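Survey of secondary and tertiary structure
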Amino acid sequence: MTDTTAPTPVDTLIRNTMVVTMNAERQIITDAAIAITGDKISHVGKTSDILPLVTPKEVIDGSRFVMTPGFVNGHIHITGEPITRGFVPDDTGWHENVWQWLVPLYQAQEPEDEATSATLAALEMMRTGTTSFLEGGTVRHVGPVAEALHASGIRGRIGKWTEDRAFDPSESQTAKTDAAIRAMEEAVATLTDSDGRIDVWPLLVGHVTATDAMWQAAVALAKAKGGRVAAHMSPVEADPEWYLANIGRRPIIHLAEIGALGPEVCLTHAVHLDDAEVAALAQSGANVAHCPMSGLKGAYGLTPAGKFPEMQAAGVNLILGTDGNNNSNSSDLMRASYLVAALFKDARRDTAAFPAHEALTMLTLNGANALNMADSIGSIEVGKKADLVLHDTNRPEWQPLFNVVNQLIWSADGRGVHSVWIDGKRVIDNHRSTTVDEEKLYAEATSAGKAVIARTGLPDKQVWPVV
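Note that the coordinates shown come from a computational prediction; the quantities given were computed from them, not determined experimentally.

**A look at the packing of helix α5 (residues 173-188) against helix α6 (residues 212-225)**
Axis separation between α5 and α6 bottoms out at 10 Å; the angle between their running directions is 20 degrees. Classified by the interaxial angle, the pair formed by α5 and α6 is roughly parallel. Helix-helix and strand crossings are classified by hand; for α5 and α6 the assignment is right-handed. Mapping the contact onto sequence places Thr 177, Ala 180, Ile 181, Met 184, Glu 185 and Val 188 in α5 and Ala 213, Met 214, Ala 217, Ala 218, Leu 221 and Lys 225 in α6. Of the residues in the contact of α5 with α6, the class split is nine nonpolar, one polar and two charged.

**Side note on the sheet that holds strand β6 (residues 71-76)**
Read from one edge of the open sheet, four strands run β6-β7-β8-β9, paired in parallel fashion. Each having just a single partner strand, β6 and β9 (198-200) make up the two edges of the open sheet. This sheet shows a mean twist of 15 degrees between the axes of neighbouring strands, independent of strand direction. Bridge analysis of strand β8 (residues 155-158) against β9 gives three bridges, and the strand direction is parallel. Across the sheet, Ile 158 pairs through a bridge with Val 200, a residue of β9.

**Observations concerning the layout of surface pockets**
Empty space among the atoms becomes visible once a probe the size of a water molecule is rolled across them. Counted as a void, the largest pocket has a volume near 510 Å³. Around the largest pocket, the lining comprises 23 residues; the ones closest to its centre are Trp 99, Trp 161, Glu 163, Val 205 and Thr 209. Its residues placed into classes, the lining of the largest pocket shows 13 nonpolar, five polar and five charged. For the second largest pocket, the lining is made up of 14 residues, of which Leu 123, Glu 124, Arg 127, Thr 128 and Tyr 442 are closest to its centre. Looking at side-chain class alone, the lining of the second largest pocket contains four nonpolar, four polar and six charged residues.

**Focus on the sheet that holds strand β12 (residues 287-290)**
Strand order in the open sheet formed by four strands is β10-β11-β12-β13, and the pairing between neighbours is parallel. Because the sheet does not close on itself, it has two edges, and the strands there are β10 (229-233) and β13 (317-320). Going from strand to strand, the sheet's axes swing by 30 degrees on average, the running direction of each strand aside. Examined bridge by bridge, strand β11 (residues 265-269) and β12 share three bridges and lie parallel to one another. Of the residues in β12, the one forming a bridge with Thr 268 is Ala 289. Those strands touched by α6 are β10 and β11, and its axis lies near 145 degrees from that of β10.

**Some words on the nonpolar core**
Counting 95 residues, the largest nonpolar core has Ile 78, Leu 149, Ile 158, Trp 215, Leu 267 and Leu 281 as its most contacted members. Considering each element in turn, this core owes the most residues, eight residues, to helix α13 (residues 333-347). Apart from the residues lying within four places of it in its own chain, the contact partners of Leu 267 are Trp 215, Ala 231, Met 233, Ile 252, Leu 255, Leu 261, Leu 281, Asn 287, Val 288 and Ala 289. Counting 17 residues, the second largest nonpolar core, distinct from the first, contains Trp 101, Tyr 106, Leu 441 and Ile 453.

**Some points on the pairing of β10**
Of all five residues in β10, five are buried, a share of seventy percent or more. Burial along β10 is two-sided: the face carrying Val 229, Ala 231 and Met 233 and the face carrying Ala 230 and His 232 are both buried. In terms of strand pairing, β10 meets β11 through five bridges, oriented parallel. Residue pairing for β11: Ala 230 is matched across the bridge by Cys 266.

**Describing the pairing of strand β2 (residues 28-37)**
Relative to β2, strand β1 (residues 8-20) is paired through six bridges, and the arrangement is antiparallel. Residue pairing for β2: Leu 13 is matched across the bridge by Ala 35. Two elements, β2 and strand β3 (residues 40-46), share six bridges in a ladder whose sense is antiparallel. Bridge pairing in β3 places Ile 36 opposite Ile 41.

**Remarks on empty space enclosed by the protein**
Throughout the structure, instances matching the rule amount to two cavities of 30 Å³ or more. Reported here for the largest cavity is a volume of approximately 220 Å³. Taken together, 20 residues form the lining of the largest cavity, with His 77, Val 98, Tyr 106, His 207 and His 232 sitting closest to its centre. Per-element accounting of the lining of the largest cavity gives the leading share, seven residues, to helix α2 (residues 94-107). Broken down by class, the residue content of the lining of the largest cavity amounts to nine nonpolar, nine polar and two charged. Approximately 40 Å³ is the volume found for the second largest cavity. Along its surface, the second largest cavity is lined by Pro 69, Gly 70, Ser 376, Ile 377, Gly 378, Ser 379, Lys 385 and Asp 387. For the lining of the second largest cavity, a count of residues per class yields two nonpolar, four polar and two charged.

**Side note on the side chain of His 232**
Residue position: His 232 is located in strand β10. What makes His 232 buried here is its relative accessible area of 9%. A distance of 3.3 Å separates a polar atom in the side chain of His 232 from a polar atom in the side chain of His 75. A polar contact of 2.7 Å, which involves the side chain of His 232, links it to the backbone oxygen of Val 205.

**Re the environment of Asp 429**
Structurally, Asp 429 can be placed in strand β16 (residues 425-429). Overall, Asp 429 belongs to the partly exposed group, its relative accessible area being 32%. Placed 11 residues apart in sequence, Asp 429 and His 418 show a C-alpha to C-alpha distance of 6.3 Å. Apart from residues no more than four positions distant in its own chain, Asp 429 is found in contact with His 418, Ser 419 and Thr 434.

**Quick word on the pattern of salt bridges**
Under the definition given, this model contains 24 salt bridges. Put simply, Asp 199 and Lys 225 hold a salt bridge, and the shortest N to O gap is 3.2 Å. Placement of the pair is Asp 199 in strand β9 and Lys 225 in helix α6, with a sequence separation of 26 residues. Salt bridges linked by common partners bring Asp 39, Lys 40, Arg 155, Lys 385, Asp 387 and Asp 423 together as one network.

What counts and how
- Residues numbered from 1 in each chain as written.
- Predicted model: local features only at pLDDT ≥ 70, side-chain atom pairs only at ≥ 80, totals over all residues.
- Heavy atoms only, no water.
- Axes fitted to C-alpha atoms, helices over the stretch in contact; angles between N-to-C directions.
- Helix = DSSP H or I, 4+ residues; strand = E, 2+ residues; numbered from the N terminus.
- Parallel < 35°, antiparallel > 145°, perpendicular 65-115°, else oblique.
- Left-handed = near helix turned anticlockwise from the far one by under 90°.
- Contact = heavy atoms within 4.5 Å.
- Nonpolar A, V, L, I, M, F, W, Y, C, P; charged D, E, K, R; others polar.
- Pairing = 2+ DSSP bridges.
- 1 Å grid on protein atoms, 1.4 Å probe; cavity = no way out; pocket = protein on both sides within 12 Å on 5 of 7 lines; lining within 4 Å.
- Points joined across faces, edges and corners; volume = space filled by probe spheres on them.
- Core = buried A, V, L, I, M, F, W, Y, C linked by side-chain atoms within 4.5 Å.
- Buried < 20%, exposed > 50% of the residue type's maximum accessible area, 1.4 Å probe, protein only.
- Polar contact = N/O pair within 3.5 Å; in protein donor to acceptor, adjacent residues only side chain to side chain.
- Salt bridge = Lys/Arg side-chain N within 4 Å of Asp/Glu carboxyl O.

The following block contains the structure:
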């Protein structure tokens, strides 16, 4: 009997490519075809099997490319730093770096500055293969930032910079906490008609800046929204030392005790933990965003102190982040994946630590889990969002190609990203944005950055004279 089923109309067919699916079997399909219909993947398989099934509006020859799912950046500061990239000296200690340099730069930004900054961050992420991100909580002007991100085409979760601890004895702790919770709730309610690509979550500064009431309110709000709470914690010894001195237990244990540690929590850095804190993270299902680039640059003590292999062995969901543009200075998540695959091999003298396939899992499936989007992103499967990346193998770092996973982590970086789709829309084509006027943006970013720096009055600390 002859099959008379009519081919299915699809929007885009990418054929004759190699696909790293990240599906349950972790299949790598050679000579593959992927069909996009609307915002979703409608067909995946061998090109010879898919061709008779579809009638595409657009056909793309993928024969020189490797396709991966879009990457998920688990921690990035999209405002505050992109338009002041590299201005902060690279020899400042953690406390000086954060409080004397970064915080003034964040606070000096007007709504239009933050919108420009967010667009620049989105562009860099998309051009290097990141399709989704979780923001670090430095957005002050949520509305304009959300609008700018939506126009860029990226998928992201942002939040208003929130903290409430009254360090000044003259302040009312109750009043400050109430005001902070109201501001957080108002920010989360900002987007009422979004298509889902951009959303606002309750994001905390973290460290020692949030009271128990603030943590509990943020977690409750995240649970109600189906979102996450992200916060910085324990990049250096200062956080656990403060908690031990003022509360009598380490920060992760304290969060567990007050009911503020669970799958809806994503803690960034988490370098200085003890074994009990690792166990608490694993038991709770909390997520940890590892930022190896900023950890190294900031001398956090990643390799002597970090318990990331122990966290992974315990089942903690580890994701990767790039942090800020005055910390790691790059939003290319593939550079972070190289480091995570390398650091603890050397630190533990164990070549089995973080093999390439686990680093790629952190970039994709683990990130999807952390964003509570495992059912829609993180792998190339029928029914999932068409968040796709084509890596150009017609480059020296890609040739010859024998083991594609090794190549992705150990040889390639974001410069080889040729095309990117988010929600089925091609946002990067031949290394260029289809949604952002890049030259105009670069000029605006430079102008805005100069104005922000001038408003802070911070000195230019370049070592060598610029003449």
